[in-house]
Amino acid sequence: MRLSTEVLVLGGGPAGLSAGIALRGRGLEVTVVDALAPAIDKACGEGLMPGALAALERLGVRMTAADGMPFYGIRFVDEQRQAEARFLGAHGLGVRRLRLHERLRERAEACGVTLLWNTRCQPMGPGRAMVDGEELHYRWLVGADGQSSTVRAWAGMGACRMEKLRYGMRRHYRMAPWSELVEVHWAERGQAYVTPVAEDCVCVAFVGRAAHREAEEWLEDFPAIAERVEGVPLASAQRGAVSATRVLREVERGGVALVGDASGSVDAVTGEGMASCFLQAEVLADAMAEGHLEAYAKAHQRIGRLPHRMSLLLLLMDRFPGLEQRALEVFAERPEYFRELLAVHVGARGLEEFLARRGLGFCMGLLRAGG
Ligand SMILES: Cc1cc2nc3c(=O)[nH]c(=O)nc-3n(C[C@H](O)[C@H](O)[C@H](O)COP(=O)(O)OP(=O)(O)OC[C@H]3O[C@@H](n4cnc5c(N)ncnc54)[C@H](O)[C@@H]3O)c2cc1C
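Reading the values: rules and limits
- Residues numbered from 1 in each chain as written.
- Predicted model: local features only at pLDDT ≥ 70, side-chain atom pairs only at ≥ 80, totals over all residues.
- Helix = DSSP H or I, 4+ residues; strand = E, 2+ residues; numbered from the N terminus.
- Rg over C-alpha atoms; globule rule 2.2 N^0.38 Å.
- Buried ≥ 20, exposed ≤ 12 C-beta atoms within 10 Å, placed from the backbone.
- Contact = placed C-beta atoms within 7 Å.
- Pairing = 2+ DSSP bridges.
- Axes fitted to C-alpha atoms, helices over the stretch in contact; angles between N-to-C directions.
- Domains from an automatic or database assignment.
- Nonpolar A, V, L, I, M, F, W, Y, C, P; charged D, E, K, R; others polar.
- Expected span 1.5 Å × (residues − 1).
- Core = buried A, V, L, I, M, F, W, Y, C linked by C-beta atoms within 7 Å.

**Here's the deal with the overall build of the chain**
Helix and strand content of the chain: eleven helices and 18 strands. A compact globule built from 371 residues would reach a C-alpha radius of gyration of about 21 Å, and the chain, at 21 Å, matches this within 12%. Each principal axis of the C-alpha distribution contributes one length, and for the chain these read about 75 × 50 × 35 Å. Counting across all 371 residues of the chain, residues that qualify as buried make up 49%. Taking all contacts inside the chain whose residues are at least 6 apart in sequence as the whole, residues at least 24 apart take part in 74%.

In structure tokens, the structure reads:
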């Protein structure tokens, strides 16, 4: 019997499952294949920003407080100072990756997506792939197989306009969260992101330029976190991570499309990786339903523009600690600047509007700070 599917999605992480759900929603027949078994874990800061929650809701995945811990804004912390800003009339949700995967899988199943777990898959030629040793025919192929995408390499779409790698790890501590904000702690060699994910669990992800650092080395850079977590038991196995800023030259070619981290990514510091996955899934499904993948490439570029701009700004603060310290000083003195910039970050306000209203004052503040 000839095995076939209209759309073959390789990778069943957040991008692959959300693509499957969106494609089924447009009436396409979809098979999602993943080498691992659910629920699939991954090193992540585990913060779903307001835009990610809204996109999930459009996909029919309604995350509630029972799935994690709501958070209401962002706090920047360094050794000398801290500054915080709240979202305008919105909230995010800290959610364990395992829980998010479960919710996406349930929705995909309910929509009628065929899910093949623990399954090896290798594209073979136009319209053909080997799935656990059997040939499967497809019309469209979607590469949702993460940072080191096999599909991207196979389809010859690996060329980048920009690539920058940072390294890190994630830990969960079995303790009550100490804040209803996500904290970003800044140090010379990187950041620590602290996200409340359950009433008795806090996720801490460390990311920096140096590879292979031990957790204890990381904690030395963040004494305020080290003090809080001293003696607190870990609630999960520690996991390593690569955080890539990657812009590809193309994300579709000849009936093959890339989505999620396979299609390029923003640095973890933005907290926008998963929102991008969900937004891309929606526009990919529209483009496939119309039969025109070129529209996907354009929409993909549009979705990435703001996160990449914000990522550049934040990575400048990572590269130049003096700039980070001055920025935090300005944010602490003028909280409205931070609040408005956070509104830009989550897409509630335009960057141009912020620059026109606040750009000069913000730059003057940076020049004056540190005195
Ligand atoms: C340290 C860190 C912190 C982060 N924090 C946040 C955050 O707080 N908020 C946020 O929104 N984003 C965050 N991100 C980004 C987010 O984790 C990613 O954007 C997201 O995981 C991308 O999902 P994906 O489905 O594209 O890839 P993945 O989650 O990597 O999934 C890819 C899937 O493909 C499968 N696969 C790979 N190869 C094959 C193969 N050959 N055959 C079959 N299956 C295959 C894998 O098993 C996996 O399940 C963070 C990233 C890092 C590194």
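**Concerning the sheet that holds strand S13 (residues 182–187)**
If you walk across this open sheet you meet the seven strands as S6-S5-S13-S14-S15-S12-S16, and the pairing is mixed. Of all strands in the sheet, those bounded by a partner on one side alone are strand S6 (82–86) and strand S16 (239–248). Taken pair by pair, the neighbouring strands of this sheet meet at an average axis angle of 20°, ignoring direction. Sheet topology places strand S5 (residues 73–77) next to S13; four bridges connect them, and they run parallel. What sits directly across from Phe 76, in S13, is Val 184. Against the sheet, helix H9 (residues 321–333) contacts S5, S6 and S13, and its axis sits at roughly 55° relative to S6.

**A look at the pairing of strand S15 (residues 201–208)**
With eight of eight residues buried, S15 is to be regarded as a mostly interior element. The alternating pattern of S15 places Cys 201, Cys 203, Ala 205 and Val 207 on one face and Val 202, Val 204, Phe 206 and Gly 208 on the opposite face, and all of these are buried. In terms of strand pairing, strand S12 (residues 160–173) meets S15 through seven bridges, oriented antiparallel. By the bridge assignment, Arg 170 is partnered in S15 with Ala 205. Note that strand S14 (residues 190–198) and S15 share eight bridges and pair antiparallel. Residue pairing in the sheet places Val 194 in a bridge with Val 204 of S15. Linkage of S14 to S15, two consecutive antiparallel strands, is achieved through a turn of two residues.

**Some details on the domain arrangement of the chain**
Interfaces are often sized by the accessible area lost when the parts come together. Segmenting the chain into domains produces domain 1 (3–67 + 96–163 + 245–313), domain 2 (165–242) and domain 3 (320–368). Between the C-alpha centres of domain 1 and domain 2 there is a distance of 27 Å. Classifying every residue of the side of domain 1 that touches domain 2 gives four nonpolar, three polar and four charged.

**Quick word on helix H7 (residues 273–290)**
With 18 residues, H7 should reach 26 Å at 1.5 Å per residue; the first-to-last C-alpha distance of 26 Å fits that figure. Burial of H7 is extensive: 14 of the 18 residues sit out of reach of the surface. Once H7 finishes, Gly 291 follows within two positions and takes phi at roughly 80°, a positive value.

**Side note on the nonpolar core**
A general tendency of soluble globular proteins is for nonpolar side chains to be buried together. Ranked by internal contacts, the top residues of the largest apolar core, which has 104 residues, are Ala 19, Val 142, Val 259, Phe 278 and Leu 284. Sort the elements by how many residues they give to this core and H7 lands first, with ten residues. Dropping the residues within four chain positions of it, Ala 19 is found in contact with Val 9, Val 142, Ala 144, Val 259, Ala 281 and Leu 284.

**Considerations on the environment of Leu 36**
Position of Leu 36 relative to the elements: it lies in the loop between strand S2 (30–33) and strand S3 (47–48). Distance in space between the C-alpha atoms of Leu 36 and Met 124 is 21 Å, their sequence separation being 88 residues. Apart from residues no more than four positions distant in its own chain, Leu 36 is found in contact with Trp 117 and Asn 118.

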